[in-house]
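Structure at a glance
The chain contents come next:
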Amino acid sequence: MILKRLLEMPELEEDSVFLWGARQTGKSTLLKILFPEARYYDLLLPDVYGRLQRRPELLIQELDHCSAKDLVIIDEVQMLPNLLNAVHWLIVNRGVRFLLCGSSARKLKRLGSNMLGGRAISRQMFPLVSQEIPDFDLIKAVNHGMLPRHYLANNPWGRLEGYIGNYLQQEIEAEALTRNLGTFSRFLEVAALTSGEIVNYNNIAGDCGVSSLTVKGYFSILQETMIGYMLPAFARVKKRRLIKAPKFYFFDVGLVNYLCNRRQLEPGSVDFGHALEHLVVQELFAYVSYTRKRKQLSYWRTASGYEVDVVYGDAEVVIEIKSSQEIQPRHLKGLKAFAEEHPNARCLILSMDNVKRVMNDVEVWPVTEFFKALWQSEILN
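Residues numbered from 1 in each chain as written. Predicted model: local features only at pLDDT ≥ 70, side-chain atom pairs only at ≥ 80, totals over all residues. Heavy atoms only, no water.

**Focus on the packing of aromatic side chains**
If you walk through the whole model with that rule in mind, you get 17 aromatic pairs. The interplanar angle of 80 degrees and the centroid separation of 5.0 Å between the aromatic rings of Tyr287 and Trp375 together place this pair among those described as edge-to-face. Taken together, the positions of Tyr287 in helix 13 (residues 270–290) and Trp375 in helix 15 (residues 367–375) put the pair 88 residues apart, joining distant regions of the chain. Comparing Tyr287 with Trp375 shows no difference in burial state: the two are buried. Aromatic rings pair up to connect Phe184, Phe187, Tyr201, Tyr218, Phe219, Phe248 and Phe250 into one cluster. A cation over an aromatic ring shows up here: Lys140 above the ring of Tyr151, its NZ or CZ 4.9 Å from the ring centre. The side chain of Arg263 reaches across the aromatic face of Trp157, ending 4.7 Å from its centre. (Phe/Tyr/Trp six-rings, centres within 6.5 Å; stacked < 30°, edge-to-face > 60°. Helix = DSSP H or I, 4+ residues; strand = E, 2+ residues; numbered from the N terminus. Buried < 20%, exposed > 50% of the residue type's maximum accessible area, 1.4 Å probe, protein only. Lys NZ or Arg CZ within 6 Å of the ring centre and 35° of its normal.)

**Brief notes about the pairing of strand 10 (residues 317–321)**
In terms of residue burial, strand 10 counts as a mostly covered element, since five of its five residues are buried. Of the two faces of strand 10, the one holding Val317, Ile319 and Ile321 and the one holding Val318 and Glu320 are both buried throughout. Pairing of strand 9 (residues 307–312) with strand 10, which is carried by three bridges, proceeds in the antiparallel orientation. If you follow Val311 over to strand 10, its bridge partner there is Val318. Where strand 9 hands over to strand 10, the hairpin turn is made up of four residues, of which Gly313 adopts a positive phi near 65 degrees. Relative to strand 11 (residues 346–351), strand 10 is paired through five bridges, and the arrangement is parallel. (Pairing = 2+ DSSP bridges.)

**A word on the nonpolar core**
In this structure, Leu59, Ile74 and Phe98 are the most contacted members of the largest nonpolar core, which totals 121 residues. Counting residues in hydrophobic clusters, the runner-up holds 18 residues, among them Val311, Ala337, Phe338 and Val364. (Core = buried A, V, L, I, M, F, W, Y, C linked by side-chain atoms within 4.5 Å.)

**Some details on the pattern of salt bridges**
The full count for this structure, using the stated rule, is 16 salt bridges. A salt bridge links Arg5 to Glu132; its shortest N-O distance comes to 3.0 Å. Of this pair, Arg5 sits in the segment before strand 1 (16–20) while Glu132 sits in the loop between strand 5 (120–124) and helix 6 (138–144), and the two are 127 residues apart along the sequence. This pair shows no difference in class: Arg5 is buried, exactly as Glu132 is. Across the pair Lys295 and Glu316 runs a salt bridge whose closest N-O atoms are separated by 2.7 Å. Placement of the pair is Lys295 in the loop between helix 13 and strand 8 (297–301) and Glu316 in the loop between strand 9 and strand 10, with a sequence separation of 21 residues. (Salt bridge = Lys/Arg side-chain N within 4 Å of Asp/Glu carboxyl O.)

So, in structure tokens, the structure goes:
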């Protein structure tokens with residue numbers, strides 16, 4: 001069971017909105033629930049796509065009677081970039097509000113399409129978050145990921161295989177983003193193996209048999225198609241010399257599990273620990289976006305090897321993620337090193353502990369309890 005999705009778009013009361021998000025995050029379902037009375041153009045329907053492709057001006061003719069009180073939804077807008085000229089005209093001359101939905105803005109930007117001159121606000125939709133699932137199951141989320149169809153499935157592996165196949169076919173091959181689909185497929189596997197680690201373009205290039213420049217281009221494709229994102233390094237230097245390269249995360253841990261052939265992950269295993277960290281990071285990215293926080297997430301690592309997984313804002317909150325059943329003093333080394341340089345930081349360590357407690361000025365949180373407090377605005381301000 002899924003509760004109401006947490007993404008809200010109050011901007012639509014006055015403005016138009018671009019809603020971006022990877023495939024199967026639930027964008028179309030959400031829009032039909034939130035705006036059942038809106039005029040709806042689904043460009044996946046062959047007849048709708050065909051007539052607007054041939055004559056984009058039909059949109060103006062069909063909506064010429066609309067006004068600022070009307071909302072028009074165009075789903076999969078990236079499929080017809082030329083349609084945005086008609087959208088622009090209707091916004092300026094008729095005051096029509098649009099909700100323009102798509103899997104990414106990459107194609108529109110690459111073709112130099114009309115991005116409406118700042119007349120549409122961009123929002124992003126993520127996979128499910130814990131707060132949207134009344135009976136949230138942490139172990140299931142770590143294993144299945146949080147895309148609705150995958151989380152809810154008894155066995156998500158066939159769906160995950162289909163998701164990767166459709167992505168390669170519809171986003172990569174169809175748009176000719178790379179000349180060698182086989183090499184890109186290999187890159188996806190290597191990128192998954194290094195997901196959550198500091199990006200080393202040369203090492204990944206060696207594993208894939210391509211240049212580091214090609215690998216940088218591949219990572220750009222993943223970001224532009226919203227399949228992954230970079231977590232930057234925290235850059236405020238005090239005493240210790242810091243690592244400055246970013247980390248890369250796929251947008252959903254389920255895809256990483258499939259690409260790495262990680263199945264039936266159980267607490268206590270190394271792979272479970274990696275997947276748990278990934279799940280927490282993707283939940284934090286969604287929270288910061290949905291609640292419109294203007295502060296950045298980053299990570300911190302020194303040249304000597306001290307590290308914390310997540311830094312929020314200007315060292316206001318720092319979070320370490322462990323899959324241990326019981327946190328021990330040795331798990332606090334990174335947080336303690338960080339606190340020496342940033343004594344005002346609130347230090348948290350998340351784990352599989354059963355009860356919240358405080359240990360040497362560090363808050364120890366069970367992951368599920370942390371998620372609840374996060375969405376109740378008790379963690380990040």
